[in-house]
Amino acid sequence: MQAIQGEIPTPCRLTERKDSIRQTVKLHDILIIGAGLAGMRAAVAAPPDLDVAVMSKVHPVRSHSVAAQGGINAALGENDSWEAHAFDTTKGGLYLGDQDAIEAMCREAPDDILELERLGVIFSRDEQGHIAQRPFGGAGFPRTCYAADRTGHAILHAMYEQLLKRRIAVYEEWYVTALIVEDGVCRGVVAWDLIHGGLHAIGAKAVILATGGSGRVFLTSTNAVINTGDGMALAYRAGAPLADMEFVQFHPTTLKGTGILITEGARGEGGYLLNTLGERFMKAYAPQQMELATRSTVSLAIGQEILEGRGVDGCVLLDLRHLGRQRILERLPQIRQLAIEFAGLDPIETPIPVRPGAHYQMGGVRTNQWTETGIAGLYAAGECACVSVHGANRLGGNSLLETIVFGRRAGIRAGEYARTVTPQARRNDQFTAEQARVQRLLAQDGSVRPWQIREELGQTMSLNLGLVRTHESMSAAISAITALTHRAASITVQDKGRVFNTDLVQALELQSLLDVGESIVVSALARQESRGAHYRSDFPVRDDQHWLRHSLIHRTPEGTALTYEPVTITRFPPA
Ligand SMILES: Cc1cc2nc3c(=O)[nH]c(=O)nc-3n(C[C@H](O)[C@H](O)[C@H](O)COP(=O)(O)OP(=O)(O)OC[C@H]3O[C@@H](n4cnc5c(N)ncnc54)[C@H](O)[C@@H]3O)c2cc1C
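These figures come from a predicted structure and were not determined experimentally.

1. So, the overall build of the protein
- Broken down by element type, the protein carries 16 helices and 19 strands.
- In summary, the protein has a C-alpha radius of gyration of 23 Å against a globular reference of 25 Å for 575 residues, a match within 12%.
- Its C-alpha atoms give the protein principal-axis dimensions of roughly 65 × 55 × 50 Å.
- Relative to its 575 residues, the protein shows a buried fraction of 61%.
- When contacts within the protein are restricted to residue pairs at least 6 apart in sequence, those whose partners lie at least 24 apart make up 72%.
- With an accessible surface of roughly 20,900 Å², the protein has 52% of that area assigned to carbon and sulfur atoms.

See below:
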């Protein structure tokens, strides 16, 4: 395997603007891993005089942010306030969110939305021509800005245009296999060039992880197949703790069969949830907020209806018919299209069968509100991070906001840091270890393929760490993951080639999924209470006295270790 330490043999693809790339890049000031909204926002916010590069395992606009449907929150309304937004976010997250970070996000949100608009995002409008806002679950005010039901698409494409305009280098289709951390300082990454094949060490004064979520650790999920928690695993292996990994959000409405997301915007526009008796059953669970209660409440209610035999073929029904053809076509065109193509029904005429599905990781790489992790020179933002604005349950529309606010903050802070770093010669050991790992994967011949373990892991997680958890179910999951990790050591990669070896990538992703799965289960088993997305039938009550604290999971040579950290409380005492 040919390796060129610290150099890229061919110019990286700046989406066909090769002229702007230096032939041999020895060291970037800032290297951003991930070209979703958090990554691209960081790149655009970083100081323009620094050498900034973005690396992504897929083309930037294929990042999962493109699939975001319902919208992004900001207190723009005349009678709304950032304090009200902060309160809803804190309360919705069952007081586990860090209130300093929540305040920063909600206070900065309106300016960020206006900035997005200036950068070219075409938001839907109300009758007066202002940015339209729809109600979302757990929010006391309609504060979700949207572009029909394709909000992520609109924002991601506008951000990508900014990347092109600024001629920011993009390593398209490069897969990061490890962080280079020396003496507690992050100095770059080891990455596999998917298109040409080959492993490279790429230096950077600062590295920002913006690698998105890990939904694919579950068998069915609303997440793209690329959401394998790589960034969380990279940081975890490098010694940075992951926080609150037990809090995995199940979205109440995913399409029967495929698990494709049906946006909360559908209920925001006035859609009803019905059981087999035709009742709006939410009146029994949240009589005031009804379908717009927080996601954990609605998901548990749907689960209960199905469990007690009032479901419809393992689902409940989402009824949009009363909204009328015009409104559905205007506000929810993608939802209609998805229902027609993937469930064979038109929501203008027929209710949509839906059920809860794995959707979002509230936990992630622990950071402070300036996105700094436990490792100097390493930053994290977006879904892979846990700055802890979502606490135990994220409000819809707050995740896109998190990517924008904290992506921007990461770009700024990493820029400040990079200016203070004097480049040093890097050692070779981390690169050599990665090279040996990849060589071993390509060389070994076993009977088990990566996808087989991946599927079994997904089944284990979906079965034992779904909406309702118990000591027994989680203990079973730990044993299963230990066995799967053991088997994964001898998987076989059948494609022995270098060029576009997706089999190899699957094998590398599998390692991330196993690490993330383990961190979820170990953290969840230890937390003996129910809070937000973590519901235990053996500990059904929220217990602030013992558990109003963050779980931090560490990877040590002896195995996993858990520590705890207090929650930052500023203006909203837990109620
Ligand atoms: C279907 C769906 C709908 C949603 N709708 C909404 C919504 O309406 N409102 C809302 O607020 N939130 C929504 N969310 C959540 C929100 O979209 C995500 O949390 C957010 O977009 C994540 O952005 P990100 O930038 O952190 O990561 P992503 O957009 O997932 O990007 C991750 C990037 O990291 C790169 N990457 C990952 N691993 C590696 C590696 N090893 N090497 C190199 N590159 C790597 C990927 O290539 C990609 O570019 C939705 C989520 C889903 C799944």
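2. Focus on the sheet that holds strand S19 (residues 559–566)
- Pairing is mixed in the open sheet, where 5 strands are placed in the order S17-S15-S10-S18-S19. Only two strands of the sheet have a single neighbouring strand rather than two, namely strand S17 (385–386) and S19.
- Inspection of the sheet shows strand S10 (residues 242–243) paired to strand S18 (residues 549–556) by 2 bridges, in the antiparallel sense. Looking at the pairing, Ala-243 lines up with Leu-552 of S18.
- Those strands touched by helix H15 (residues 502–526) are S10, S18 and S19, and its axis lies near 55 degrees from that of S19.

3. Details of helix H12 (residues 429–443)
- Look at H12: 21 Å from first C-alpha to last across 15 residues, which is about the 21 Å you get at 1.5 Å a residue.
- When we look at burial in H12, the residues that qualify are Phe-431, Glu-434, Gln-435, Arg-437, Val-438, Leu-441 and Leu-442. Each buried residue of H12 sits inside an arc of 160 degrees when the element is viewed along its axis, so together they form one side.
- Turning to H12, the residues buried within the fold contact strand S7 (174–182), strand S8 (185–193), strand S9 (199–209), helix H5 (230–238) and H15.

4. Examining the packing of aromatic side chains
- In total, this model carries 6 aromatic pairs according to the counting rule given.
- Between the aromatic rings of Phe-87 and Phe-572, the centroid separation amounts to 5.4 Å while the plane-to-plane angle is 65 degrees, which identifies the pairing as edge-to-face. Of this pair, Phe-87 sits in helix H2 (residues 82–92) while Phe-572 sits in the segment after S19, placing them 485 residues apart in sequence.
- Between Phe-218 and Phe-250 the ring centres are 5.5 Å apart and the planes differ by 85 degrees, which places this aromatic pair in the edge-to-face class. With Phe-218 in the loop between S9 and H5 and Phe-250 in strand S11 (residues 248–255), this residue pair connects regions lying 32 residues apart in the sequence.
- In this structure, Arg-107 packs its charged tip against the face of Trp-82, placed 5.1 Å from the ring centre.
- Arg-409 extends its terminal NZ or CZ atom over the ring of Trp-370, reaching a point 4.0 Å from the ring centre.

5. Considering the domain arrangement of the protein
- Each domain of the protein was delimited in the assignment, giving domain 1 (255–356) and domain 2 (429–566).
- The straight-line distance from the C-alpha centre of domain 1 to that of domain 2 is 31 Å.
- Counting from both sides, the interface comprises 5 residues of domain 1 and, opposite them, 5 residues of domain 2.
- Both sides of the domain 1 and domain 2 interface together cover about 310 Å² of buried area, and 88% of this is carbon and sulfur.

6. Some details on the pattern of salt bridges
- What the rule picks out here adds up to 44 salt bridges.
- Note that Glu-269 and Arg-134 form a salt bridge whose closest N and O atoms lie 2.9 Å from each other. You can see Glu-269 sitting in the loop between helix H6 (265–268) and strand S12 (272–274) and its partner Arg-134 sitting in strand S4 (residues 133–134), a full 135 residues away along the chain. The exposure classification of Glu-269 matches that of Arg-134, with both residues buried.
- A salt bridge links Glu-565 to Arg-366; the shortest N-O distance between them is 3.0 Å. In this pair, Glu-565 is assigned in strand S19 and Arg-366 in strand S15 (residues 364–366), connecting sequence segments 199 residues apart.
- The partly exposed category is assigned to Glu-565, whose relative accessible area is 27%.
- In the salt-bridge network here, residues are joined through shared partners; they are Glu-246, Arg-527, Glu-529, Arg-531, Arg-542 and Asp-544.

7. Some points on the confidence of the model for the protein
- Mean pLDDT over the protein stands at 93; residues scoring 70 or higher make up 95%.
- Note on residues 1–25: pLDDT is under 50 here. Beyond four places in sequence and across chains, it has 64 contacts.

8. What about the environment of Glu-349?
- Structurally, Glu-349 is set in the loop between helix H10 (333–343) and strand S14 (352–361).
- Taking the C-alpha atoms as reference points, Glu-349 and Thr-177, separated by 172 residues in sequence, lie 48 Å from one another.

9. A few points about the site of the ligand
- The full set close to the ligand counts 38 residues, and Ser-63, His-64, Ser-65, Glu-383 and Ser-399 are the nearest of them.
- One of the backbone N or O atoms of Gly-397 is found 3.4 Å from an oxygen atom in the ligand.
- Ser-399 is positioned such that a nitrogen or oxygen atom in its side chain is 2.7 Å from an oxygen atom of the ligand.
- Considered on its own, the ligand offers 1,000 Å² of accessible surface; in the complex 98% of this is hidden by protein.
- Sorting the residues of the shell around the ligand by element identifies helix H1 (37–45), strand S2 (52–56), S7, S14 and helix H11 (398–418) as the ones contributing at least two each.
- Tallying contributions element by element places H11 first for the shell around the ligand, with 4 residues.
- Grouping the amino acids of the shell around the ligand by side-chain chemistry returns 15 nonpolar, 19 polar and 4 charged.

10. Quick look at empty space enclosed by the protein
- Summed over the entire model, instances satisfying the criterion amount to 3 cavities of 30 Å³ or more.
- Put simply, the largest cavity is a space of about 80 Å³.
- Considering the residues around the largest cavity, the lining is formed by Gln-249, Phe-250, Arg-295, Ser-296, Ser-299, Leu-300, Asn-393, Leu-467, Gly-532, Ala-533 and Tyr-535.
- Going through the elements one at a time, S11 and helix H8 (295–307) are the ones with two or more residues in the lining of the largest cavity.

Parameters at a glance
- Residues numbered from 1 in each chain as written.
- Predicted model: local features only at pLDDT ≥ 70, side-chain atom pairs only at ≥ 80, totals over all residues.
- Heavy atoms only, no water.
- Helix = DSSP H or I, 4+ residues; strand = E, 2+ residues; numbered from the N terminus.
- Rg over C-alpha atoms; globule rule 2.2 N^0.38 Å.
- Buried < 20%, exposed > 50% of the residue type's maximum accessible area, 1.4 Å probe, protein only.
- Contact = heavy atoms within 4.5 Å.
- Areas by Shrake-Rupley, 256 points an atom, 1.4 Å probe, with all protein chains shown as cover.
- Pairing = 2+ DSSP bridges.
- Axes fitted to C-alpha atoms, helices over the stretch in contact; angles between N-to-C directions.
- Expected span 1.5 Å × (residues − 1).
- Arc of directions from axis to C-beta.
- Phe/Tyr/Trp six-rings, centres within 6.5 Å; stacked < 30°, edge-to-face > 60°.
- Lys NZ or Arg CZ within 6 Å of the ring centre and 35° of its normal.
- Domains from an automatic or database assignment.
- Buried area = accessible area lost by both parts, 1.4 Å probe.
- Salt bridge = Lys/Arg side-chain N within 4 Å of Asp/Glu carboxyl O.
- pLDDT = per-residue confidence, 0-100.
- Near = heavy atom within 4 Å.
- Polar contact = N/O pair within 3.5 Å; in protein donor to acceptor, adjacent residues only side chain to side chain.
- Nonpolar A, V, L, I, M, F, W, Y, C, P; charged D, E, K, R; others polar.
- 1 Å grid on protein atoms, 1.4 Å probe; cavity = no way out; pocket = protein on both sides within 12 Å on 5 of 7 lines; lining within 4 Å.
- Points joined across faces, edges and corners; volume = space filled by probe spheres on them.

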